[in-house]
Amino acid sequence: MAHDAVEVIGAKRDRGELSDSQIDWVVAAYTRGDVADEQMSALAMAILLNGMTRREIGRWTAAMIASGERMDFSSLSRPTADKHSTGGVGDKITLPLAPLVAACGVAVPQLSGRGLGHTGGTLDKLESVPGWRAALSNDEMLAQLESVGAVICAAGDGLAPADKKLYALRDVTGTVPAIPLIASSIMSKKIAEGTGSLVLDVKVGTGAFMRTVEDARELAATMVALGTDAGVRTVALLTDMSTPLGLTAGNAVEVAESVEVLAGGGPADVVELTLALAREMLAGAGRDDVDPADRLADGSAMDAWRAMISAQGGDPAAELPTARESHVVSAPTSGVLTRLDAMAVGLAAWRLGAGRARKEDPVQAGAGVVWHARPGDDVREGQPLFTLLSDDSERFDRALEALDGGYDVGDGTSYTPTDLVIDRIG
Ligand code: URA
């Protein structure tokens with residue numbers, strides 16, 4: 001049935017429930033250019049303000065899937081599992097996780113994105129590996145999944161084109177943080193991608209889209225229901241993003257930290273989250289008989305990493321790029337690091353050149369922040385607390401402003417450790 005955009009916008013503005021046919025029409029008409037950007041912006045804002053029912057979100061997701069192609073991995077000789085993180089600071093988990101799960105006998109088709117704003121992008125990180133390329137055809141992706149078991153690459157233009165167009169519009173109209181729009185955006189791509197099972201890492205805290213556990217739980221439950229209804233075994237972990245993950249935020253620095261994890265070392269929180277997500281992915285794919293910790297210890301996850309990087313033209317043995325300039329911030333006093341704010345660190349890394357403000361901006365491979373203590377660690381006055389890295393020393397002042405007030409050193413009595421995994425939904 002044909003509708004018109006003003007009628008659909010008016011229905012949502014007046015807190016009505018959109019019909020299946022209104023949703024199908026508006027998503028298809030926007031994708032082919034018959035609904036203008038300003039009309040879709042108004043509708044996105046009405047959805048942000050007035051919400052959607054589960055039925056509307058399900059239908060909106062289906063309409064976005066129907067706007068493009070669906071991939072099919074049923075010809076592979078092993079089951080598939082994928083992971084999606086809602087985005088955080090220092091979140092390099094995909095890098096060790098994909099080869100680790102592949103080393104356990106489950107194929108990982110990981111379609112990733114680039115960073116925008118203070119959260120990093122997996123493709124930007126991997127592009128710091130000399131020679132590595134993000135663009136693969138569907139046939140190349142399928143062949144690599146069969147031979148190596150893990151692929152991390154850019155989503156092709158054919159997958160959920162409605163989401164591509166709508167996400168770019170939401171980004172510039174203040175309509176990103178709407179649970180119905182985030183859930184349908186993420187799940188349309190994951191369902192169209194064709195994975196058999198999916199683990200969602202829903203971040204909560206200052207460095208995440210979702211600032212409260214209640215909002216994160218609602219987003220997680222909405223996405224789990226969408227996945228389950230589409231026949232994808234889906235679970236979600238709610239994980240802490242008030243503190244950045246590991247000891248690095250940036251591109252090459254995060255690759256180096258991931259390689260440490262694959263070599264059996266690395267920061268304890270990165271190892272913990274990698275293993276927790278790997279266990280969920282293996283359970284979803286019916287392979288919970290394998291312990292991923294064994295595959296980290298015996299070197300087979302590292303072998304899968306090398307194979308995955310080489311298959312996409314990268315040299316896993318090459319030296320990673322380093323920034324031309326560095327600046328050290330020392331601990332102001334002796335005591336315990338009681339707080340390290342994820343948003344402050346993310347913003348600093350971004351201002352140093354690790355992230356981009358506009359889609360077309362380049363990123364610096366060597367830029368980022370390294371912190372030398374985690375909350376709960378003792379620090380001594382004058383000891384290096386942060387190392388800022390950038391190719392341009394004039395970026396340091398703005399990065400220092402971002403870090404200012406983003407950490408506390410105290411006597412430790414006010415410090416209580418928090419759980420990394422807050423809840424599991426599914
Ligand atoms: N990531 C997505 O893919 N879509 C959103 O809407 C938010 C985060």
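Thresholds applied
- Residues numbered from 1 in each chain as written.
- Predicted model: local features only at pLDDT ≥ 70, side-chain atom pairs only at ≥ 80, totals over all residues.
- Heavy atoms only, no water.
- Salt bridge = Lys/Arg side-chain N within 4 Å of Asp/Glu carboxyl O.
- Helix = DSSP H or I, 4+ residues; strand = E, 2+ residues; numbered from the N terminus.
- Buried < 20%, exposed > 50% of the residue type's maximum accessible area, 1.4 Å probe, protein only.
- Near = heavy atom within 4 Å.
- Polar contact = N/O pair within 3.5 Å; in protein donor to acceptor, adjacent residues only side chain to side chain.
- Areas by Shrake-Rupley, 256 points an atom, 1.4 Å probe, with all protein chains shown as cover.
- Nonpolar A, V, L, I, M, F, W, Y, C, P; charged D, E, K, R; others polar.
- Contact = heavy atoms within 4.5 Å.
- Pairing = 2+ DSSP bridges.
- Axes fitted to C-alpha atoms, helices over the stretch in contact; angles between N-to-C directions.
- Domains from an automatic or database assignment.
- Buried area = accessible area lost by both parts, 1.4 Å probe.

Here we take up the pattern of salt bridges. Counting across every chain of the model gives 27 salt bridges. When the shortest N-O distance is used, the salt bridge between D269 and R374 registers 3.2 Å. Highlighted residues: D269 in helix α12 (residues 268-284) and R374 in the loop between β9 (368-371) and β10 (378-379), separated in sequence by 105 residues. Relative accessible area serves as the criterion here: at 10%, D269 is assigned to the buried category. Given the relative accessible area of 19%, R374 is considered buried. Residue D392 pairs with R395 through a salt bridge whose shortest N-O separation is 2.7 Å. For D392, a relative accessible area of 21% gives the class partly exposed.

As a structural note, the neighbourhood of the ligand is formed by Y167, R170, I182, S185, I186, K189 and F209. At 2.6 Å, a side-chain N or O of S185 approaches a nitrogen atom of the ligand. Measuring from an oxygen atom of the ligand, one finds a side-chain N or O atom of K189 at 2.5 Å. The fraction of the free accessible surface of the ligand (240 Å²) that becomes covered by protein chains is 90%. When contributions to the shell around the ligand are tallied by element, the ones reaching two or more residues are α8 (161-171) and α9 (179-193). The residue makeup of the shell around the ligand, split by class, is four nonpolar, one polar and two charged.

Attention shifts here to unusual backbone geometry. Of note in the backbone geometry, R15 takes a positive phi value of approximately 65 degrees without being a glycine. One can find R15 in the loop between α1 (5-13) and α2 (20-32). Non-glycine residue A160 carries a positive phi angle of around 45 degrees. Mapped onto the secondary structure, A160 falls in the loop between β3 (150-154) and α8. Overall, A160 belongs to the buried group, its relative accessible area being 1%.

Attention now moves to the environment of V199. Assignment of secondary structure puts V199 in strand β4 (residues 197-204). Assessed through its relative accessible area of 2%, V199 is described here as buried. In contact with V199, not counting residues within four places along its chain, are D82, K83, H84, V235, L277, E280 and M281.

It is worth spelling out the sheet that holds strand β5 (residues 233-240) at this point. On the basis of which strands lie adjacent, the open sheet formed by four strands has the order β1-β4-β5-β13 and mixed pairing. Single-partner strands in this sheet number two, and they are β1 (81-85) and β13 (421-425). Averaged over all pairs of adjacent strands, the angle between their axes in this sheet comes to 20 degrees, without regard to strand direction. Both β5 and β13 contribute to a ladder of four bridges, which runs antiparallel. Residue pairing in the sheet places L238 in a bridge with D423 of β13. Lying on the sheet, α12 is in contact with β1, β4, β5 and β13; it crosses β4 at an angle near 150 degrees.

Attention shifts here to the sheet that holds strand β6 (residues 248-250). Here we have four strands laid out as an open sheet, ordered β6-β9-β11-β7, and antiparallel in their pairing. Where the open sheet ends on each side, the last strands, each with one partner, are β6 and β7 (325-330). The mean inter-strand angle of the sheet, taken between neighbouring strand axes irrespective of direction, is 15 degrees. Pairing geometry for β7 and strand β11 (residues 384-390), over six bridges, is antiparallel. If you follow H327 over to β11, its bridge partner there is L388. The strands that helix α15 (residues 342-354) touches are β6, β9 and β11; relative to β9, the one it contacts most, it runs at about 135 degrees. Where helix α16 (residues 396-403) meets the sheet, its contacts fall on β7 and β11, and the angle it forms with β11 comes to roughly 140 degrees.

When cut into domains, the protein gives domain 1 (5-51), domain 2 (81-311) and domain 3 (325-410). Computed from C-alpha coordinates alone, the two centres of domain 1 and domain 2 are separated by 30 Å. Taken together, the contacts link 12 residues of domain 1 with 12 residues of domain 2. Summing both sides of the interface, domain 1 and domain 2 together bury roughly 1000 Å²; the carbon and sulfur share of this comes to 79%. Together, Y30, T31 and L48 form the three largest contributors to the area buried by domain 1 at its contact with domain 2, with a combined 44%. The tally of links between domain 1 and domain 2 comes to zero salt bridges. The interface formed by domain 1 and domain 2 contains one residue pair in polar contact (both at pLDDT 80 or more). Looking at which element gives the most residues to the side of domain 1 that touches domain 2, the answer is helix α3 (residues 37-50), with seven residues.

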